[in-house]
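Listed here are the chains, written in short residue letters.
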Amino acid sequence: MHQTHKAIGLLGGTFDPIHLGHLRMALELYQVLDLASVHIVPCRQPMHRKQPVATPEQRFAMVKCAIAAEPALFANDIEIQRKGPTYTIDTLLEMRKSFPGIPLCLMMGIDAFLGLASWHRWLDLLTYAHIIVAHRPHYQIPLDGSTAELLKTHLKEEASFIHENLAGGILLRPITALEISATDIRKQIAMGRNPRYLLPDSVYDYIKQQGIYSVGKI
Ligand code: ATP
């Protein structure tokens, strides 16, 4: 099926807080894959990990601060608005309705891709979107198991596939390695250290103003 619209990227995560690793990944994939835009989608209640420290509203506000000056990126509150546990498949179903006929690309680091088989209805994800996997240092591409099998059957080399088809392809792409983690940023703030240059100044200003991640809160 040939499409006429460029694909939209979706980068989900807890973003507790959003940092330059997330933002570089979004912008680099936007550019190399010639996407229409990248929606940054903070999840309300993640199912695979500890609950975030900042509230959903605070994490969404931090995403908005982070991308205010970058028109390629869009802060999407679709998961913040949906009550209850957050499942990516529900987000894709909603996005498919809002953007009929436009290819969707779920973007994730390879660390997230390695855990894909534990996601709710994971085998259905490729019915509604492509998956773009960003290489990160210290992580190996899966060689066996169900994720490796999925990769084998859906891997595409050419970026044109994601614009010409609504869903169903997996692309692997390298990105600039910025080994920044939100966990580390939270720890640094709790220890009274300055996390500047790991995240946008506007996000750090918001964290200070709201008193998020200070001692006793993480
Ligand atoms: P935490 O330390 O709290 O687990 P995190 O920094 O890993 O957080 P998440 O919100 O869990 O951030 O990640 C969202 C997405 O961003 C995932 O797909 C993850 O692979 C990716 N990601 C996280 N950190 C980086 C980074 N430094 N570079 C590239 N991608 C990243």
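The structure we're discussing is the one just above.
Source: prediction; values computed, not measured.

**Describing the site of the ligand**
Not every one of the 21 residues close to the ligand is listed here, only the nearest: His-19, His-22, Asp-111, Leu-178 and Thr-183. With respect to the ligand, the backbone of Phe-15 contributes an N or O atom lying 3.1 Å from an oxygen atom. A distance of 2.6 Å is found between an oxygen atom of the ligand and a side-chain nitrogen or oxygen belonging to Asp-111. Coverage of the ligand by the protein amounts to 89% of the 600 Å² it exposes when considered alone. Looking at the shell around the ligand, the elements with two or more residues in it are strand 1 (8-13), helix 1 (20-32), strand 4 (104-109), helix 5 (110-114) and helix 9 (182-190). Within the shell around the ligand, the residues separate by chemical class into eight nonpolar, nine polar and four charged.

**Things to note about the nonpolar core**
Taken as a class, soluble globular proteins show a tendency for nonpolar side chains to be buried jointly. Of all hydrophobic cores here, the largest spans 40 residues; its most connected members are Ile-18, Ile-40 and Met-62. Sorting the residues of this core by element identifies helix 1, strand 2 (37-42), helix 2 (56-67), strand 3 (73-75), strand 4, strand 5 (130-135), helix 9 and helix 10 (201-210) as the ones contributing at least two each. Examining the composition of this core, we find that six residues originate from one element, helix 2, more than from any other. Here Ile-40 is in contact with Leu-11, Phe-15, Ile-18, Ala-26, Val-63, Ile-67, Phe-74, Ala-75 and Asn-76, once residues within four sequence places are set aside. Residues Ile-102, Ile-110, Leu-151 and Leu-172 belong to the second largest nonpolar core, which totals 25 residues.

Parameters at a glance
- Residues numbered from 1 in each chain as written.
- Predicted model: local features only at pLDDT ≥ 70, side-chain atom pairs only at ≥ 80, totals over all residues.
- Heavy atoms only, no water.
- Near = heavy atom within 4 Å.
- Polar contact = N/O pair within 3.5 Å; in protein donor to acceptor, adjacent residues only side chain to side chain.
- Areas by Shrake-Rupley, 256 points an atom, 1.4 Å probe, with all protein chains shown as cover.
- Helix = DSSP H or I, 4+ residues; strand = E, 2+ residues; numbered from the N terminus.
- Nonpolar A, V, L, I, M, F, W, Y, C, P; charged D, E, K, R; others polar.
- Core = buried A, V, L, I, M, F, W, Y, C linked by side-chain atoms within 4.5 Å.
- Buried < 20%, exposed > 50% of the residue type's maximum accessible area, 1.4 Å probe, protein only.
- Contact = heavy atoms within 4.5 Å.

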